[in-house]
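Listed here are the chains, written in short residue letters.
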Amino acid sequence: FVMKLFNNKDLFKFLSAYMVLKVKIKEEVLWDFFYQCLEGLTYIHNQGIIHRDIKLANLLMDDQGKIIIGDFGVSAVMNKDEAKKFMKDEKDDETKNSLIMNLNEQAGTPFYMAPEIEHKQKYDQKADVYSMGICFYALCFFGLPYVNDGYMDKLKSDTYYSNELKDVIKKMIEINPIKRPTS
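S.K.: Account for the side chain of Asp-158, with residues named and values stated.
M.R.: Structurally, Asp-158 is set in the loop between α7 (151-157) and α8 (163-172). We classify Asp-158 as buried; its relative accessible area is 12%. In terms of polar contacts, Asp-158 uses its side chain to reach the backbone amide nitrogen of Tyr-161, at 2.8 Å. Excluding residues that lie within four positions of it along the chain, Asp-158 makes contacts with Lys-24, Phe-141, Asp-153 and Lys-166.

S.K.: A description of the packing of helix α2 (residues 27-46) against α8 should follow, citing residues and the corresponding values.
M.R.: The N-to-C vectors of α2 and α8 enclose an angle of 35 degrees; their axes lie 11 Å apart at closest approach. Two packed elements cross with a definite hand, and for α2 against α8 that hand is left-handed. Mapping the contact onto sequence places Glu-27, Leu-30, Trp-31, Phe-34 and Leu-38 in α2 and Glu-164, Leu-165, Val-168 and Met-172 in α8. Here the residues of the contact of α2 with α8 are counted per class, giving 7 nonpolar, no polar and 2 charged.

S.K.: Outline helix α1 (residues 11-21), supporting the account with residue identities and numerical values.
M.R.: Note that an α-helix has 3.6 residues per turn; residues three or four places apart therefore point the same way. Along α1, the positions that sit buried rather than exposed are Leu-11, Phe-14 and Leu-15. Viewed along the axis of α1, the buried residues span an arc of 95 degrees, placing them on a single side of the element. Against α2, β2 (59-61), β3 (67-69) and α6 (126-141) lie the buried residues of α1. Where α1 ends, the next residue or the one after it, Lys-22, has phi of about 55 degrees, a positive value.

S.K.: Quick rundown of the nonpolar core? Include the residues and the values.
M.R.: One recurring pattern in soluble globular proteins: nonpolar side chains tend to sit buried together. Leu-11, Met-132 and Phe-136 are the most contacted members of the largest nonpolar core, which has 42 residues in total. Only α1, α2, β2, β3, α6 and α8 provide two or more residues apiece to this core. Among the elements that make up this core, the one with the highest residue count is α6 (12 residues). Apart from residues lying up to four places away in sequence, Leu-11 is in contact with Phe-33, Cys-37, Leu-56, Leu-59, Met-61, Ile-67 and Leu-139.

Analysis parameters
Residues numbered from 1 in each chain as written. Predicted model: local features only at pLDDT ≥ 70, side-chain atom pairs only at ≥ 80, totals over all residues. Heavy atoms only, no water. Helix = DSSP H or I, 4+ residues; strand = E, 2+ residues; numbered from the N terminus. Buried < 20%, exposed > 50% of the residue type's maximum accessible area, 1.4 Å probe, protein only. Polar contact = N/O pair within 3.5 Å; in protein donor to acceptor, adjacent residues only side chain to side chain. Contact = heavy atoms within 4.5 Å. Axes fitted to C-alpha atoms, helices over the stretch in contact; angles between N-to-C directions. Left-handed = near helix turned anticlockwise from the far one by under 90°. Nonpolar A, V, L, I, M, F, W, Y, C, P; charged D, E, K, R; others polar. Arc of directions from axis to C-beta. Core = buried A, V, L, I, M, F, W, Y, C linked by side-chain atoms within 4.5 Å.

These values are about where atoms sit, not about what they do.
Quick look at the structure:
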């Protein structure tokens, strides 16, 4: 396995530097990261892969600010053609049921893990969308939702970030996977 060298940079270390300085990350930087991460997530989902461990430390960044998703150690693989149908929402109930995973195991990192995986329920690619939403919540608010009360208050009361950005994050961290968007 060969990949580009990232000089020990990831979005967790990027966020940590901003937290030390107590400076919010500019929204245009977040949208750039967001686009790159969702583009990567869409690609792996179209390949039939569910990462299952999306977290800031697994979003690697090079010296030019390009991000790739790393560490596929606990990922799950499904049929590539069926995965593409899932991503395009071209599925009937039979196809949808064949795509949903239930590996009866918890895979991932606590606090980033989708509730359906944490509770050993059926899940699909939307579990990665949830985890990516947790990452972007952390990048905006220097903390993790669902760990402390009042996380929704931050989404509502924050005036630094646009309503569009906060709305996308809110949809991604939706507890109910049926209401959660695909990448």
